[in-house]
Amino acid sequence: MLKFKGLLHSLTITFVLLFSTNSSAMEKEYMLKAGFLYNFARFGQWPVQLNENEYFTICSPDKSFIYAANVALKNRKIKHSPLQSLHVVLNEVSLEPCNILFITSDTITDWQKSQLTSYHNIMIVGESAEFIKSGGHIRFFLSSGKIRFEIDPLKLKDAGITMSSKVLRLARVVNR
Amino acid sequence: MKTSQHFLWPLLFISPFIAAAPFEDEDLDLDTLMGMDVQVTSAMKRTQSAFDTASSIYVLGKEQITSSGATSVPEALKMVPGLIVRQLDNNQWAISSRGVASRFSSKLLVMIDGQSLYTPKFAAVYWETLNVPLYDIERIEVIRGQGGLLWGSNANNGVINIITKNSIDTRGGYANATTGNQINTDANLRYGGDISNKGSYRVYGHIKNSNASKKGISLTPNDTTKQHSFGLRADFTPSDEWSALFQGDVTHSKLGQNYRGVVDETNTNISFSDDLKRTDSRMMTRIENRISTNANQMLQVSWLKQNGDQTYIKENFESLDIDYQMNFIYQSLQLDWGLNYRYNAISFAESVFLDSDKDLDNLRQYGGLVQAQYNFVPNTLDFIIGTKLDHNDLTGWENQPSARLVYKPIENHLTWGAISRSVRTPTLIEFNDNFKVNGTKIIDIIGVKTDIPVIDDYRIATFLNGNDKVKSENYISYELGYRFTNNDWALDFSAYHTNATDVAAIKLNTQFEQFLPAVAFFQAGQFEQAAQSLTTTEINFDLVSVGETTTKGFDIVLSWQPIDSLSTELGYSYTNIDYNLPEGTAPSIGFDSSNRQLFAKANYTLFTDHTIFTALRVENSDAYEADNYTALDLTWNWQINHTWAAALSGKNLFAGSHIEYNNTRETYTIPNYIDECITFTITIKF
């Protein structure tokens, strides 16, 4: 019995070790994704030009992402406009200032429930498996532990945004 | 001034990721972001920055490989400070670090994406038939010394891991064609694309046709190359948790070669010009699984087949590797462990100068590794302890432990230290084979001439005998390193002291009684009969594990980027090898020697679309029976537009026609003089 308990204990420990989420690991992934969003902001064309006093705003309903983005992109500018990362709830009023909206895998269910699948002038980026089908424009995925992304340029165009060929070249383009 | 990490070459190519700190400008470059691993740890890969690695590491990035104008992997390796890269002729290379480079035994582990290319027959890597398209290499990581022990066996002097690009990053078309005074044609074509929205692929082909050298040592050079290759890679990403890759390559080569061997009853080396035909095939598949954000596992299965065919040697070598690795982080502890199995099938057709005692035609190797890294003081002090435990058919179980310490007292300064033990298992040549070598004259045995031509001119059959008493060579290495980075410059220094025991040496075994009949005939004045009697005698050089060596030295690399458009690198490496051998024995590879290398490299962006790349190497060594030489490589790159690019390269400039490697007693191939080489390349992307 003691042996069995010992085995159970060691199995539990292994399980805990393997599946525990280390905050710095998660933070690293979100910081890198924030870096990609910064590039999408740099190489995207929005229909309305911001003036120098207006913020370029990256929004997400996920607080942990906004925390990572605030660290990674501190004091950055997009075409002379200061960049800010904003935690939002998924309703039209809250999304009003957003230029990019990032839906994490933890907030995808809220996004699907909100039915805000298309919103003019906002680039909608996600990381969940069927995100493009759910109305997203860009989806991050991992290949051998590195971040890559797919883009639906038509949906992006419908939202009034065009993406530079520099970014499109690196992307997997869907619905060509 | 802000330094671009693309050009601070050796230290920062894999950017150090500091959690909870804002990104620097260069971190936000799309290319850099795409090169970063999301995991803090990763199976089979080094996710640390080169700066934080507790070993003497140099990362050769894709930008350098492209701008250098190199047309082969060995040529690209010439750009790594501290690496000894010497050409025997236009095809063959001797490459090593912290030791003596040799065509057939460089104690260096070479891998392509973690697949070992080590041939246990000779401990050799056939550099001349190694085909990896340079334009699809992500980076080449070079670890000098024993820092790469966990990666595999026989990595005493270092590890070279060639990491190719994920096929998702090589979609589209690419072609290039090179011609010049040595190379008639070197052409590459690649095409890549998506596999639905779950994967990507690339296929590529390569042909090469090049000329012989201009000047040989004893024979007219014959080192022409005719080579063609075909390969592919496919990557699959069914989900964020799972990814898989498959790759394969087949290369057919016909390489002219001058060599010598004992093929008749004269027992004398005879020189030949011949063609070596080789087919080298490899396949590898890897499945990676992200168990959680802190844990990964990986299974890799690799297969390698090499056939070589020339007049006197026909060899077949095949290997199957299965590797499993897993790693995870829990609080301050990072744990890596893995299991490996390797099966080698080796066959050599009967050869007039090479035969096997025990007819060993296969070798198995299996074992495991474990490494724990504990972070004692966050971002300041790390302790790493690990071992690799392997069983092989020749010497049984071998244990290779190491302990490393990383100390970062203040930002931008890092000190590391390491103590490690490694072994080199005997090759089949050392363990199993008898190699007929140039016969021994009577004067070489008794020290005087008999003045009887029929006796003085006769060469007694002489063999280099491997035997099963040969042990694994045992290396204990002490290393110390220091790194510093500033805005526009970086310094990397490492020093080492390695003691080796049970090093293979050669012992003369004359068995004097076999000469008594010849002596009796000689004393009776029957010289013809004495000479006849000598034909039944033989002299053996037995391989014995009695040698000791002390190897010590240092590597220093300074990188400086004074202005955005100019990046420079200056390196100096020193290696001293000292043999301690019992009387009556001689070293089998190398001898007491010192190696000094001075290295300077610069990349200058002249206008937006024009860059000049230059590398100067001053090679000063008494280990290769060759004069010291200084060689300059210079390449002008012109990016004509998004699609077209052109490059003009001059290699080995100012060195004149020179010998780089002349240790002919260690190899049966005969080197040639190495010449200046001019190439013109045109590249198209579509």
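Predicted model only: the values in this text are computed from it and were never measured.

Engineer: Whenever I open this one, the overall build of chain A confuses me. Can you help?
Structural biologist: Per the secondary structure count, chain A includes seven helices and ten strands. Classification of the 176 residues of chain A by burial places 40% in the buried group. Long-range pairs, those at least 24 residues apart, make up 57% of the contacts in chain A with a sequence separation of at least 6.

Engineer: When you look at the overall build of chain B in this model, what are you seeing that I'm missing?
Structural biologist: Each helix and strand counted, chain B has nine helices and 33 strands in total. By the compact-globule yardstick of 26 Å for 686 residues, chain B fits well, its C-alpha radius of gyration being 26 Å. With the C-alpha coordinates of chain B rotated into their principal frame, the extents come out at 95 × 55 × 45 Å. A burial count over chain B gives 50% of its 686 residues as buried. The long-range share in chain B, meaning contacts at least 24 apart out of those at least 6 apart in sequence, stands at 64%.

Engineer: Would you take a moment to explain the sheet that holds strand 1 (residues 56-61) of chain B for this structure?
Structural biologist: Strands in a sheet are paired, the pairing made by backbone hydrogen bonds, and the direction either parallel or antiparallel. Residue and element names in this part refer to chain B. One open sheet holds the five strands; their spatial order is 1-6-7-4-5, and the pairing between them is mixed. Both outer strands of the open sheet, strand 1 and strand 5 (115-116), are each paired with one neighbouring strand and no more. In this sheet, strand 5 lies alongside strand 4 (residues 108-112) in antiparallel orientation, the contact comprising two bridges. When the sheet's bridge partners are listed, I112 is paired in strand 5 with Q115.

Engineer: It is not clear to me how the interface of chain A and chain B should be interpreted in this structure. Could you clarify?
Structural biologist: Accessible area lost during the coming together of the parts is what is often quoted as the interface size. Listed as interface residues are 34 residues of chain A and, on the opposing side, 36 residues of chain B. Those elements giving two or more residues to the side of chain A that touches chain B turn out to be helix 1 (2-19), helix 2 (23-43), helix 3 (63-72), strand 7 (138-143) and strand 8 (146-151) of chain A. Of all the elements, helix 2 of chain A adds the most residues to the side of chain A that touches chain B, at eleven residues. Classifying every residue of the side of chain A that touches chain B gives 17 nonpolar, nine polar and eight charged.

Engineer: I'm lost on the sheet that holds strand 10 (residues 172-173) of chain A in this one. Help?
Structural biologist: All names here are of chain A. Read across the open sheet, the eight strands follow the order 3-4-2-5-6-7-8-10; overall the sheet is mixed. Edge strands, defined here as strands with exactly one partner in the open sheet, are strand 3 (77-78) and strand 10. Relative to strand 10, strand 8 runs parallel, the two sharing two bridges. Note on strand 10: the bridge partner recorded for E150 is R172. Across the sheet, helix 3 touches strand 2 (56-60), strand 4 (81-87) and strand 5 (100-103), and the angle it forms with strand 4 is around 155 degrees.

Engineer: Even after reading the chapter, I still don't get the packing of helix 8 (residues 516-523) of chain B against helix 9 (residues 527-534) of chain B, so can you show me in this structure?
Structural biologist: If you want to describe how two helices pack, look at the angle between their axes and the distance between the axes. Residues and elements named next belong to chain B. Viewed as axis vectors pointing N to C, helix 8 and helix 9 meet at an angle of 170 degrees, and their least axial separation amounts to 7 Å. As summarised for this structure, helix 8 and helix 9 are arranged roughly antiparallel, according to the angle between their axes. Seen from helix 8, the contacting residues are P517, A518, F521 and F522; seen from helix 9, they are F527, Q529, A530, S533 and L534. For the contact of helix 8 with helix 9, the class distribution of residues is seven nonpolar, two polar and no charged.

Engineer: Looking at this model, I keep getting lost on the confidence of the model for chain A. Mind explaining?
Structural biologist: It should be kept in mind that the predicted coordinates are not to be read in detail where pLDDT is low. On average, chain A scores 84 in pLDDT, and the residues at 70 or more come to 84%. Confidence drops under pLDDT 50 across residues 13-17 of chain A; counting only partners more than four residues distant or on other chains, this segment forms two contacts.

Engineer: Is there a simple way to think about the pairing of strand 6 (residues 123-126) of chain A in this case?
Structural biologist: Two faces, one strand: in a regular strand the side chains alternate between the faces of the sheet. Residues and elements named next belong to chain A. Side chains of strand 6 alternate between two faces, with M123 and V125 and I124 and G126 buried alike. Relative to strand 7, strand 6 runs parallel, the two sharing two bridges. Across the sheet, G126 pairs through a bridge with R139, a residue of strand 7.

Engineer: What is the right way to read helix 3 of chain A from this model?
Structural biologist: Three- or four-residue spacings in an α-helix give side chains the same orientation, since the helix completes a turn every 3.6 residues. Of all the positions in helix 3 of chain A, only F65, I66, A68, A69 and A72 of chain A are classed as buried. For helix 3 of chain A, the buried positions fall inside an angular range of 165 degrees around the axis, keeping them on one side.

Engineer: Just checking my understanding: could you explain unusual backbone geometry for this structure?
Structural biologist: The phi torsion of most residues other than glycine is negative, and most of the peptide bonds are trans. At N75 of chain A, a position not held by glycine, the phi torsion is positive, near 60 degrees. Here N75 of chain A shows up in the loop between helix 3 and strand 3. A positive phi angle, close to 55 degrees, is found at N379 of chain B, a residue other than glycine. Mapped onto the elements, N379 of chain B comes out in the loop between strand 18 (362-377) and strand 19 (381-392).

Engineer: Please clarify how the confidence of the model for chain B should be interpreted in this entry.
Structural biologist: Residues and elements named next belong to chain B. When the pLDDT values of chain B are averaged, the result is 89; 95% of them are 70 or greater. Contacts of residues 1-16 to residues separated by more than four positions or lying in other chains number 58 contacts, the stretch itself having pLDDT below 50. Here the prediction assigns the complex a pTM of 0.91, and the interface score ipTM is 0.87.

Engineer: Please clarify how the pairing of strand 30 (residues 610-621) of chain B should be interpreted in this entry.
Structural biologist: Residue and element names in this part refer to chain B. What you see with strand 30 is a clean split: T611, F613, A615, R617, E619 and S621 sit on the buried side and H610, I612, T614, L616, V618 and N620 on the side with no burial. Here strand 29 (residues 593-607) pairs with strand 30 via twelve bridges, running antiparallel. Residue pairing for strand 30: L598 is matched across the bridge by V618. Counting the residues between successive antiparallel strands, the hairpin from strand 29 to strand 30 contains two residues. Inspection of the sheet shows strand 30 paired to strand 31 (residues 629-639) by ten bridges, in the antiparallel sense. Bridge pairing links T614 to L634 in strand 31.

Engineer: Is there a simple way to explain the environment of F463 of chain B in this structure?
Structural biologist: Residues and elements named next belong to chain B. Residue placement: F463 occurs in strand 23 (residues 459-465). Remark: the alpha-carbon pair of F463 and V262, spanning 201 residues in sequence, is separated by 10 Å. Among residues more than four places away in sequence, those in contact with F463 are N434, F435, K436, V437, E538, N540 and F541.

Engineer: So what exactly am I meant to see when it comes to the environment of I506 of chain B here?
Structural biologist: You can see I506 of chain B is positioned in strand 25 (residues 489-509). Along the backbone, I506 of chain B and K552 of chain B are 46 residues apart, and their C-alpha atoms lie at a distance of 23 Å.

Engineer: I would appreciate a short explanation of the environment of N99 of chain A in the present structure.
Structural biologist: All names here are of chain A. Structurally, N99 can be placed in the loop between helix 4 (92-95) and strand 5. As a C-alpha pair, N99 and L83 span 16 residues in sequence and 10 Å in three-dimensional space. Those residues in contact with N99 that sit more than four places away from it in its chain are A41, W46, F56, T57, I122 and M123.

Cut-offs applied
Residues numbered from 1 in each chain as written. Chains lettered and ligands numbered in written order. Predicted model: local features only at pLDDT ≥ 70, side-chain atom pairs only at ≥ 80, totals over all residues. Helix = DSSP H or I, 4+ residues; strand = E, 2+ residues; numbered from the N terminus. Buried ≥ 20, exposed ≤ 12 C-beta atoms within 10 Å, placed from the backbone. Contact = placed C-beta atoms within 7 Å. Rg over C-alpha atoms; globule rule 2.2 N^0.38 Å. Pairing = 2+ DSSP bridges. Nonpolar A, V, L, I, M, F, W, Y, C, P; charged D, E, K, R; others polar. Axes fitted to C-alpha atoms, helices over the stretch in contact; angles between N-to-C directions. Parallel < 35°, antiparallel > 145°, perpendicular 65-115°, else oblique. pLDDT = per-residue confidence, 0-100. Arc of directions from axis to C-beta.

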